[in-house]
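The primary structure of each chain is shown beneath.
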Amino acid sequence: MKIRLLCKISYFLLIVALLVTLFHYNLAYSKSFSVDDFLDNPSLYVGEKKTIKGVYAGRFEQGFFMIKNQRTVKVHLERNDDVNYGPPRYGEVLIYGTLQRDGSIFAEGVHNYNYAYISIYGSSFLAGLIVLFYFLKEWKITWRGIKRA
Amino acid sequence: MPDWLTHIVIALVFAELLDIKKKSVVLIGALLPDLLPKLTLLELFIPIPNWNYQFLDAFHVPFVLVLVILLIAPLFRYKYSHTVTWLGLGTLTHLLSDTLLRHFLGGISWLYPFTTDKYTLNWIWPDQSYLVLIPALLAYFIIILMKKRRKNAKYTS
């Protein structure tokens, strides 16, 4: 009986520890950033360096557009990069750059996730199925928890 | 993140090496760090509300994952210490392989809550994870073959 009570108290303390940690984590990394916030109010973020991953959406002179959470971001490239840059193949593009007052980004680093839709997302889906197969082979889900199959 | 396939193959290698009975628990551990943080990938298909999703990233932090593992282990009607160890092993393989990754910014907060610094070896981009997957697959098949040979040798002797 005492052990059961002790287990319940420990479990409750773990939940409290997790909640406190999540709260602390949010405070510790207080500068949360979203592209939506930046596009709605770019002047607040001028000069900040950020990394953003999105979908390539076409070129313009000395740069390209990318889509992040269904919104379009204008990315300027340095002149040298502009000549060499080609769009990603079946994948997204990752940029690191400085946020500008007009809601655009001046990229200092660009990486194309070529074939990521297959090599990352497609294979991850397959992996999910493999884990599900192993799980259902070894366990069964009941109202009282997960039991050996 | 390397893709999940790389994560689970690495986890399987360790599960086979250590002869773990319930491999699926190690595999779940190997995917655990990505389950919540990657929910934001939904934005590829639908617009997601502009909330603060930072707390989801916390579930990719070793310290938080230890707490999560201790909390979810009782879901399995099995020896608690075994479940915790196997989930922990899977999670450890995930975080170690993520430490190989290259970023412009970021990494793994190995020492959180003592410091908010993130650590990474900056070796390979996530889309190049085949560089880890192929050796891991080879290692897995070699282990399986060696185990089979040993089993056959036992039966014949």
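Residues numbered from 1 in each chain as written. Chains lettered and ligands numbered in written order. Predicted model: local features only at pLDDT ≥ 70, side-chain atom pairs only at ≥ 80, totals over all residues.

Looking only at helices and strands, one finds six helices and zero strands in chain B. Ordered by position in the sequence, the α and β elements of chain B form the string α-α-α-α-α-α. For chain B, the spread of C-alpha atoms along the principal axes amounts to about 65 × 35 × 35 Å. Across the 157 residues in chain B, those meeting the buried criterion constitute 36%. Long-range contacts, defined here as pairs at least 24 residues apart, represent 56% of the contacts in chain B between residues at least 6 apart. (Helix = DSSP H or I, 4+ residues; strand = E, 2+ residues; numbered from the N terminus. Buried ≥ 20, exposed ≤ 12 C-beta atoms within 10 Å, placed from the backbone. Contact = placed C-beta atoms within 7 Å.)

This part takes up the pairing of strand E7 (residues 145-148) of chain A. All names here are of chain A. Strand direction decides the pairing type here: strand E6 (residues 139-142) and E7, joined by four bridges, are antiparallel. Along E7, the bridge assignment pairs Trp139 with Arg148. Hairpin geometry of E6 and E7 is characterised by an intervening segment of two residues between the two adjacent antiparallel strands. (Pairing = 2+ DSSP bridges.)

What follows concerns the environment of Ile124(B). Residues and elements named next belong to chain B. With respect to the element layout, Ile124 can be found in the loop between helix H5 (80-99) and helix H6 (130-156). Residue Ile124 is classed as partly exposed on the basis of its C-beta count, with 16 C-beta atoms lying within 10 Å. C-alpha of Ile124 to C-alpha of Gln54: the two residues are 70 residues apart in sequence and 25 Å apart in space. Those residues in contact with Ile124, other than ones at most four positions away along the chain, are Leu100, Leu101, Arg102, Ser129 and Leu131.

This part covers the confidence of the model for chain B. Residues and elements named next belong to chain B. Per-residue confidence for chain B gives a mean pLDDT of 92; residues scoring 70 or more make up 99%. Per-element averaging of pLDDT across chain B places helix H3 (residues 54-57) at the bottom with 84 and helix H4 (residues 62-72) at the top with 97. The complex prediction reports pTM at 0.91, with the ipTM value standing at 0.88. (pLDDT = per-residue confidence, 0-100.)

Take the packing of helix H2 (residues 23-35) of chain B against H5(B) next. Residue and element names in this part refer to chain B. Between H2 and H5, the shortest axis-to-axis distance is 7 Å and the interhelical angle comes to 45°. The angle between H2 and H5 falls in the class oblique. Crossing geometry of H2 relative to H5 is assigned as right-handed. On H5, the residues touching Val25, Val26, Leu27, Ile28, Gly29, Ala30, Leu32 and Pro33 of H2 are Thr83, Trp86, Leu87, Gly88, Leu89, Gly90, Thr91, Thr93, His94 and Leu95. (Axes fitted to C-alpha atoms, helices over the stretch in contact; angles between N-to-C directions. Parallel < 35°, antiparallel > 145°, perpendicular 65-115°, else oblique. Left-handed = near helix turned anticlockwise from the far one by under 90°.)

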